[in-house]
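Overview (structure and organization)
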Amino acid sequence: MSQPAQESAIAVTKAYEFALWLLPKTENFPKTYRMSLGDRLVTAVLDQLQMLVRASYAGDKMPLLRSASEHANELRYLLRLAKDLKVLPLKSYDFAAEKSDEIGRMVGGWMKSQVRKP
């Protein structure tokens with residue numbers, strides 16, 4: 001497997017694992033936030049995963065990677081809001097923030113590798 005293919009596979013795997021971890025967390029949100037904040041978190045994490053999967057197969061990856069990066073930023077703010085509203089425990093927020101940042105950095109690196117392509 002080539003280096004860019006490995007990078008994309010790792011980013012997709014990390015995004016998948018993060019979605020797998022986050023979805024059950026939102027089910028534990030209080031009813032008042034489950035349908036609003038919980039749904040938006042689920043949508044953002046699933047959209048990010050979907051964009052990364054699509055980018056791994058696309059010829060022109062940049063629009064999809066930009067979209068995945070936008071979803072990463074949305075996730076950061078939504079996670080912070082969930083923490084501040086005390087619907088996501090601090091320990092869970094710390095883990096989620098770390099994983100979200102890691103995926104964001106991977107997407108950024110993937111984007112840079114696309115710019116350097118001849």
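Description of the structure in this document.

Here Ser67 shows up in helix α3 (residues 62–84). Ser67 gets classed as buried once you look at its relative accessible area, which sits at 18%. It is 8.9 Å that separates the C-alpha atoms of Ser67 and Leu52, two residues lying 15 residues apart in sequence.

In this section: the nonpolar core. Core analysis: the largest hydrophobic core is formed by 32 residues, its most contacted members being Phe18, Leu41, Leu52, Leu65 and Leu79. When contributions to this core are tallied by element, the ones reaching two or more residues are α1 (3–27), α2 (31–57), α3 and α4 (90–115). With residues up to four places along the chain from it excluded, the contact list for Leu79 reads Phe18, Leu22, Leu41, Leu88, Tyr93, Ala96 and Ser100.

Within this structure, the stated rule accounts for two aromatic pairs. Note on Phe18 and Trp21: the rings are 6.1 Å apart at their centroids and 15 degrees apart in plane angle, and the pair reads as stacked. Of the two residues, Phe18 and Trp21 both sit in helix α1, three residues apart, roughly one turn of that helix. The class of Phe18 is buried, set by a relative accessible area of 2%. Centroid distance Trp21 to Phe95: 4.8 Å. Interplanar angle 55 degrees. Geometry classified as tilted. Placement of Trp21 in helix α1 and of Phe95 in helix α4 is noted, with a sequence separation of 74 residues between them. Judged by relative accessible area, which is 34%, Phe95 ranks as partly exposed. One cation-aromatic arrangement involves Lys83 over Tyr93; the distance from NZ or CZ to the ring centre is 5.1 Å.

Inspection of the secondary structure assignment puts Lys61 in the loop between α2 and α3. An unpaired buried charge is present at Lys61: no salt bridge exists, and Asp60, the closest side chain of opposite charge, is 8.7 Å distant. Among the polar contacts listed, one links the side chain of Lys61 to the backbone oxygen of Ala58, at a separation of 2.6 Å. What Lys61 contacts, discounting residues up to four positions off in sequence, is Ala55, Ser56, Trp110 and Gln114.

For any two helices packed against each other, one specifies the inter-axial angle together with the distance between the axes. α3 packs onto α2 with a crossing angle of 155 degrees between their chain directions and a minimal axis gap of 9 Å. In terms of orientation, α2 and α3 fall into the roughly antiparallel class. Crossing angle aside, the handedness with which α2 passes α3 is left-handed. On the side of α2, the interface is formed by Leu37, Arg40, Leu41, Ala44, Val45, Asp47, Gln48, Met51, Leu52, Arg54 and Ala55, while α3 contributes Leu64, Leu65, Ser67, Ala68, His71, Ala72, Glu74, Leu75, Leu78, Leu79, Leu81 and Ala82. Looking at the contact of α2 with α3 residue by residue, the class counts come to 16 nonpolar, three polar and four charged.

All right, on to α3 then. Given a rise of 1.5 Å per residue, 23 residues ought to cover 33 Å, and the 33 Å separating the end C-alpha atoms of α3 matches this to within 8%. Where α3 is concerned, the buried positions are Met62, Leu64, Leu65, Ser67, Ala68, His71, Ala72, Leu75, Leu78, Leu79 and Ala82. Count one or two residues on from α3 and you reach Lys86, which has phi positive near 65 degrees.

Rules used in this analysis
- Residues numbered from 1 in each chain as written.
- Predicted model: local features only at pLDDT ≥ 70, side-chain atom pairs only at ≥ 80, totals over all residues.
- Heavy atoms only, no water.
- Helix = DSSP H or I, 4+ residues; strand = E, 2+ residues; numbered from the N terminus.
- Buried < 20%, exposed > 50% of the residue type's maximum accessible area, 1.4 Å probe, protein only.
- Core = buried A, V, L, I, M, F, W, Y, C linked by side-chain atoms within 4.5 Å.
- Contact = heavy atoms within 4.5 Å.
- Phe/Tyr/Trp six-rings, centres within 6.5 Å; stacked < 30°, edge-to-face > 60°.
- Lys NZ or Arg CZ within 6 Å of the ring centre and 35° of its normal.
- Lys, Arg positive; Asp, Glu negative; His and termini not counted.
- Salt bridge = Lys/Arg side-chain N within 4 Å of Asp/Glu carboxyl O.
- Polar contact = N/O pair within 3.5 Å; in protein donor to acceptor, adjacent residues only side chain to side chain.
- Axes fitted to C-alpha atoms, helices over the stretch in contact; angles between N-to-C directions.
- Parallel < 35°, antiparallel > 145°, perpendicular 65-115°, else oblique.
- Left-handed = near helix turned anticlockwise from the far one by under 90°.
- Nonpolar A, V, L, I, M, F, W, Y, C, P; charged D, E, K, R; others polar.
- Expected span 1.5 Å × (residues − 1).

The values are spatial; any link to function lies outside them.
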